[in-house]
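Each chain is listed here by its residues.
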Amino acid sequence: MKLTILGYWGGFPFNGDGTTSFLLESDGFSLLLDAGSGSLLALEEHLNPVDLDAVLLTHYHHDHIADLGVLQYYRQLMPKPEQPVLPIYGHMEDAFHFEELTLAGVSEGIGYKETDQVTIGPFSVTFLRTVHPVPCFAVRLVERETGKILVFTADSGYLSALADFAKDADVLITDTYFLEGHENHHAHLTSKETGEIAVAAGVKKLILSHLRQDIELPLLKEQVTAIVGGDIPVILAEKHLEMII
Ligand SMILES: [Zn+2]
Ligand SMILES: [Zn+2]
């Protein structure tokens, strides 16, 4: 599968770059994982948004869904011939936001539960409820043909179960919002917690995302690297970063 980072800031867009959104492509299938602020413009540089095959949402905070409505309008106002209805996967614990996923003739909300195993095109997807002020789910995507695994923590405070959930992932993308010293936060991980989860999970590569605008990002990376050692490459998320997994 191919991963393209479209947005990576936590909370709000900054300096021309947007908030959480990733494009995953496999076998001609294109999946948008979260749709943060600025993601539609970033997506356009890689793919015509009408060619997107599905959207998967971890939760309904604005920095993860800000561009969803305009994505629906894009496909409504400039459709391609015989464009299929876009499936948008989201949890059903917030009726208001879940209903917004459906726009007649354009998109259809498809609910998932934590215990589900969902097939989305070439991916098998499982879920883990995270530590966050609103219902939020980490996602584990397995590319069925190759067995390659991408895990995204979504937004989460420290949760030991994330290590098992991310076990042996080829790539783990994390919500690493804080420098060391703010452990056990109710919503986001620190560098130290991220490093510990990555080591316990035995992941092959680690991408730090949901980055905070007012901290020293090289230091964040340094703190994680100090814990994971040289065996796990640590990458700060960047807009348009592409990676074959
Ligand atoms: Zn967030
Ligand atoms: Zn959130």
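All values reported here derive from a predicted model rather than from experimental measurement.

So, how was this worked out
Here, residues in each chain are numbered from 1, in the same order as that chain's written sequence. Lettering for chains starts from A, numbering for ligands starts from 1, and both go in the order in which the items are written. Predicted model: local features are reported for residues with pLDDT of at least 70 only, side-chain atom pairs are reported and counted for 80 or more only, and whole-chain, interface and lining totals are derived from all residues. Heavy atoms throughout the structure, all of them, feed into the side-chain values; hydrogens and water do not. Numbering of helices and strands starts at the N terminus; helices are DSSP runs of H or I of at least 4 residues and strands are runs of E of at least 2. Every radius of gyration here is taken over C-alpha atoms, with the globule rule written as 2.2 Å times N^0.38, N being the number of residues. Between buried and exposed lies partly exposed: a residue is buried under 20% and exposed over 50% of the maximum accessible area for its type, with that area taken using a 1.4 Å probe on protein chains only. The contact criterion used throughout is that any non-hydrogen atoms of two residues lie within 4.5 Å. Accessible areas in this description were obtained via Shrake-Rupley with a 1.4 Å probe; residue shielding takes into account the shown protein chains only. Just so you know, the count uses Lys and Arg for positive and Asp and Glu for negative, and it drops His and the chain ends. Working definition for charges: the position is that of NZ of Lys, CZ of Arg, CG of Asp or CD of Glu. To get an axis, a line is fitted to the C-alpha atoms, and for a helix only the part in contact is used. The angle between two axes follows their N-to-C directions and goes from 0 to 180 degrees. Helix crossings fall into two classes, left-handed where the near helix is turned counterclockwise from the far one by less than a right angle and right-handed where it is turned clockwise. Each residue is assigned to one class: nonpolar for Ala, Val, Leu, Ile, Met, Phe, Trp, Tyr, Cys and Pro, charged for Asp, Glu, Lys and Arg, and polar for all the others, Gly among them. For Na, K and Ca the donor cut-off is 3.2 Å, while for other metals it is 2.8 Å, and in both cases only N, O and S atoms qualify; water is not among them, so sites may look incomplete. Metal sites are grouped by the angles between bound donors: all angles between 85 and 135 degrees with four donors is tetrahedral, opposite donors over 155 degrees apart with the others between 65 and 115 is square planar for four donors and octahedral for six, and any other pattern is irregular. Take the buried residues of types Ala, Val, Leu, Ile, Met, Phe, Trp, Tyr and Cys, join any two whose side-chain atoms come within 4.5 Å, and each joined set is a nonpolar core.

Participant: Before we go on, may I ask you to explain the overall build of the chain in this structure?
Facilitator: Assigned secondary structure in the chain consists of seven helices and 16 strands. At 17 Å, the chain has a C-alpha radius of gyration in line with the 18 Å of a compact globule built from 245 residues. If one aligns the C-alpha atoms of the chain with their principal axes, the spans along those axes are about 50 × 40 × 30 Å. Here the chain, with 245 residues, has 57% of them falling under the buried criterion. Across the chain, the fraction of contacts at a sequence separation of at least 24, relative to all contacts at a separation of at least 6, is 57%. When the accessible surface of the chain is totalled, it reaches about 10100 Å², and 53% of it is carbon and sulfur. Of the side chains in the chain, 15 bear a positive and 35 a negative charge, and the two mean positions are spaced by 5 Å.

Participant: Quick question: what am I supposed to make of the packing of helix α6 (residues 191–201) against helix α7 (residues 217–228) here?
Facilitator: Helices that pack against each other are described as a pair by the angle of their axes relative to one another and the distance between those axes. At a minimum axis separation of 8 Å, α6 and α7 run at an interaxial angle of 35 degrees. For the pair α6 and α7, the crossing hand works out as right-handed. Residues S191, K192, T194, G195, E196, A198 and V199 of α6 pack against L220, Q223, V224, I227 and V228 of α7. For the contact of α6 with α7, a count of residues per class yields six nonpolar, four polar and two charged.

Participant: Which parts of the structure should I look at to understand the coordination of the zinc ion (ligand 2)?
Facilitator: Bound to the zinc ion (ligand 2) are the protein donor atoms H59 (NE2), H61 (ND1), H132 (NE2) and D155 (OD), situated 2.1 to 2.3 Å from the metal. Geometry at the zinc ion (ligand 2) is irregular, judged from its four donor atoms and the angles of 91 to 165 degrees they form at the metal. The motif formed by the donor residues of the zinc ion (ligand 2), counted along the single chain, is H-x1-H-x70-H-x22-D. Here the zinc ion (ligand 2) and the zinc ion (ligand 1) are spaced 3.4 Å apart, and both take D155 as a donor. Taken as a pair, H132 in the loop between β9 (123–129) and β10 (137–143) and D155 in the loop between β11 (149–152) and α5 (161–165) lie far apart in primary sequence, 23 residues in all. For the residue pair H132 and D155, the accessibility class agrees, reading buried in each case.

Participant: I keep staring at the nonpolar core and nothing clicks. Help me out?
Facilitator: Note that soluble globular proteins tend to have their nonpolar side chains buried in a common cluster. Formed by 61 residues in total, the largest nonpolar core has its most connected members in L56, L141 and L150. Every residue in contact with L150, bar those within four places of it in the chain, is listed here: M1, L3, L24, L33, V139, R140, L141, V171, I173 and I245. Membership of the second largest hydrophobic core comes to 21 residues, among which are L32, L40, L57 and F98.

Participant: Before we go on, may I ask you to explain the coordination of the zinc ion (ligand 1) in this structure?
Facilitator: In ideal tetrahedral geometry, four donors around a metal make angles of 109.5 degrees, whereas ideal octahedral geometry with six donors gives angles of 90 or 180 degrees. All of the protein donors around the zinc ion (ligand 1) are D63 (OD), H64 (NE2), D155 (OD) and H210 (NE2); their distances to the metal are 2.1 to 2.2 Å. Every donor counted, the four donor atoms about the zinc ion (ligand 1) form angles of 87 to 168 degrees at the centre, which fits irregular coordination. Here the donor residues of the zinc ion (ligand 1) share one chain and are spaced in sequence as D-H-x90-D-x54-H. Overall, the relative accessible area of 0% leaves H64 in the buried class.

That's the geometry; what it means functionally is another story.
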